[in-house]
Amino acid sequence: MTTTKERKERYLGDNPRFLAGLFMSPAVLYIIALVGFPFILAIVYAFTDISTGNPELDFVGWATFNRVLDDPVFREALWNTFLFAVIANVLVVVLATALAEILIRDFKGKWLVRFLVLLPWVAPVSLATITWLWTLDSIFSPIDWVLRQVGLITENMYWLGRPGTAMTSVIAVQTWRIVPLAAVIVLAGLIAIPSDITDAVAVDGAGFWRRMFQVTIPLLAPIIAVAVLFGVILTISDMSVVYVLTRGGPTNSTQVLSTWAFIKGIEGGALAQGAAVALFLLPVLIGITAVVLRLARRREVM
Amino acid sequence: MTWGDTDIQTLQRQADRRRRLGRFGLYAGAILFAFLAAFPFSWALISMFKQSSDLYVKENNPFWFNEAPTLEHMRLLFLETNYLTFIRNTIFVGLVVTAITLLIALPAAYALARLRLRWGERLGIAIFLVYLIPPTLLFIPMTRVITNLGLQESLWSLILVYPTITIPISAWLLMGFFKGIPMDLEEQAMVDGHSRMGAIARVVLPLMFPGIIAVVVFAFTLSAHEFIYALAFNKSSAVKTIATGVPTELIRGDVFFWQSLQGAVILIAVPIALLFNAFLDRFIKGFTMGAVKG
């Protein structure tokens, strides 16, 4: 007769510790090899002068950073990245909360609305941006056509051809793309709010706006923080919208860190400088990580 | 104090009016959002069938056919560009990446949800944090790694790298789905004499099927979306995906194949959107369950 212990661990796979190691190690190894290692390499590169023409790792201290910082285009890109993230995310939060409030209600044709509203997010970014490239075309823009018809303009706007309108366009397209994702995140939070809370407040006579601002939004704050988190990461790190719409132009007026890192590092072959430019995203990412960890500890949403 | 009939009627009328106003606001909002989101796509849907002599006239109404619609540009897209190659590449990369993702993320998610690891919770959060490291930070050294491995200009470079994007998010989703399955079921199977592996294979995995399908859709979509790595690693058109091929190959210098471009976008975006929509509720469930303490 076997004891319970032997019986329980008759198979090697029944030992939870062994099994945990077996199950976790492929994921952990994959991520160490292909995220951890390149991540360290990115930091190492920034302290060398490596380029595609000179693939040796010669350490040069802060020289690469100094060269990057002396470049006025870099400073413009840094400022644009900041501007871009702040304006787009303020718009995203407002619009996504409104959209989530709509999508949580039942109405006729809801599936169609949901399908259309999600299109900007679920279509591959670079392709979704192409539709805007044509919508903002210098000659054939339908927006300009409408504005001409109603008599607001006589000349075309050249949306992507002038610094101010180009920046506005890039921010608008990025907002357009992220709102659906943020709305879905906020929607998940709305579903989690017990309806008896809002019902009770409604019975007590609070109107829609009071319910919204004094009950729903404070309860939603943690999940809105998660939506902002994703929004910030997407706006500071995504290069496809800028790359497809303007390639950073006209004359670098819409250049952001990600496009500049790509243009320097891959197209220009200055790997060290490209890596150094991208590293400027790191402080923001570390800040975001700290927020995630705090949220996780409070365990309100995570 | 008693209420008169008229008072009650007035109150009812007021409530009615408020409700109708609310419904009106709801529909107006829904239509406005749908319009703003779909506007460039709906216009693309029209433009893709336009004749050039119609499209390239500044004064023509861009929202309607001023001349008879034509399929000429769709023919061009499929027969005279590499569109089908891009689609084939995207599907191939997507399928292999999804398979790798499941093989690696499924056991990890099980361990995180079930095995009460000492570092379990921290490990779960660590995996989530990996998702927050954007490709922008990694693509420059990664390009060198790929070159040193001799994988540049090959679909295998993407197959190697994309799981770093799909594994963390898939593990998180799957962890949520595992937590949704009562632990008693597999404990009962183990009491009945199955090994833990046997219990997983016979009891847990069949119940996980809907969750696994959701993750397949999610991982496939993510790999079809990816832009930076695909742009940095592969420059010849035979190994481009839709995300990089369509924007770079259908625009040559200043010559835009606009109708074909619009068609290329619509024919990809609509099926992916339909698929994604069908699974949206399941995604939301998985993500929120993943956040529940196990």
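Scroll up a little and you will see the structure.
Being a predicted model, the structure only gives us computed values, none of them experimental. Think of each chain on its own: its residues are numbered from 1, step by step along the sequence as written. Ligands are numbered from 1 and chains lettered from A, in the order in which they are written. Confidence filtering applies because this is a predicted model: local features only for residues at pLDDT of at least 70, side-chain atom pairs given and counted only at 80 or more, and all residues used for totals across whole chains, interfaces and linings. The basis for the side-chain values is all heavy atoms of the structure; hydrogens and waters are excluded.

(A) Summary view of the overall build of chain B. Counting from the N terminus, the helices are DSSP H or I runs at least four residues long and the strands are E runs at least two residues long. Assigned secondary structure in chain B consists of 13 helices and two strands. With the radius of gyration taken over C-alpha atoms, the globule rule is written as 2.2 Å times the number of residues to the power 0.38. Computed over C-alpha atoms, the radius of gyration of chain B comes to 26 Å, more than 25% over the 19 Å expected from 2.2 N^0.38 for 294 residues, which places it beyond the range of a compact globule. A principal-axis box enclosing the C-alpha atoms of chain B has dimensions of 90 × 75 × 35 Å. Taking all 294 residues of chain B together, 53% fall into the buried category. In chain B, 72% of the contacts between residues at least 6 apart in sequence involve partners at least 24 apart. A total of about 13700 Å² of accessible surface is found on chain B, and carbon and sulfur atoms cover 65% of it. We count Lys and Arg on the positive side and Asp and Glu on the negative side, and we leave His and both chain ends out. For charged residues, the charge sits on one atom: NZ in Lys, CZ in Arg, CG in Asp, CD in Glu. In chain B, which carries 24 positive and 18 negative side-chain charges, the distance between the mean positions of the two groups comes to 7 Å. Whether a residue is buried, partly exposed or exposed follows from its accessible area with a 1.4 Å probe, protein chains only, as a fraction of its type maximum: under 20%, in between, or over 50%, in that order. Whether two residues are in contact is decided by their heavy atoms: any pair within 4.5 Å suffices. Residue exposure ignores everything except the shown protein chains as possible cover, and the areas themselves are Shrake-Rupley values with a 1.4 Å probe.

(B) Region of interest: the layout of surface pockets. Buried and open spaces are told apart on a 1 Å grid over the protein atoms alone, a cavity being a set of points where a 1.4 Å probe fits but cannot get out and a pocket being an open set with protein on both sides within 12 Å along at least five of seven lines. Residues with an atom within 4 Å of a point are the lining residues. Grid points are joined across faces, edges and corners, and a volume is the space filled by probe spheres set on the points. A volume near 950 Å³ is recorded for the second largest pocket. R105, F208 and R211 of chain A together with R18 and G22 of chain B are, among the 24 residues lining the second largest pocket, the residues nearest its centre. Within the residue set of the lining of the second largest pocket, elements represented by two or more residues are α4 (72-103) and α10 (208-237) of chain A together with α1 (5-47) of chain B. Gly is put with the polar residues, along with every residue not named as nonpolar or charged; the nonpolar set is Ala, Val, Leu, Ile, Met, Phe, Trp, Tyr, Cys and Pro, and the charged set is Asp, Glu, Lys and Arg. For the lining of the second largest pocket, the per-class residue count stands at 13 nonpolar, five polar and six charged.

(C) Fine view of the pattern of salt bridges. Just to be clear on terms, a salt bridge is a Lys or Arg side-chain nitrogen sitting within 4 Å of an Asp or Glu carboxyl oxygen. Per the counting criterion, the structure on display carries eleven salt bridges over all chains. Where E101 of chain A meets R105 of chain A, a salt bridge forms, and the shortest distance between an N and an O atom there is 3.0 Å. Its salt-bridge partner being E249 of chain B, residue K240 of chain B comes within 3.2 Å of it at the nearest N-O pair. Accessibility classification places K240 of chain B together with E249 of chain B in one group, the buried group.

(D) Quick peek at the packing of helix α13 (residues 271-279) of chain A against helix α6 (residues 135-148) of chain B. Axis angles are defined between N-to-C directions and span 0 to 180 degrees, where every axis is a line fitted to C-alpha atoms and, for a helix, only to the segment in contact. At a minimum axis separation of 8 Å, α13 of chain A and α6 of chain B run at an interaxial angle of 160°. It follows from the interaxial angle that α13 of chain A and α6 of chain B lie roughly antiparallel. Pair α13 of chain A / α6 of chain B crosses with left-handed handedness. Counting all contacts with α13 of chain A, which are made through L271, G274, A275, A278 and L279 of chain A, the residues of α6 of chain B involved are T136, L137, I140 and R144 of chain B. Residue composition of the contact of α13 of chain A with α6 of chain B, by class: six nonpolar, two polar and one charged. For classification purposes, an angle smaller than 35 degrees is called roughly parallel, one larger than 145 roughly antiparallel, one from 65 to 115 roughly perpendicular, and anything else oblique. Should the near helix be turned anticlockwise from the far one by less than a right angle, the crossing is termed left-handed; should it be turned clockwise, right-handed.

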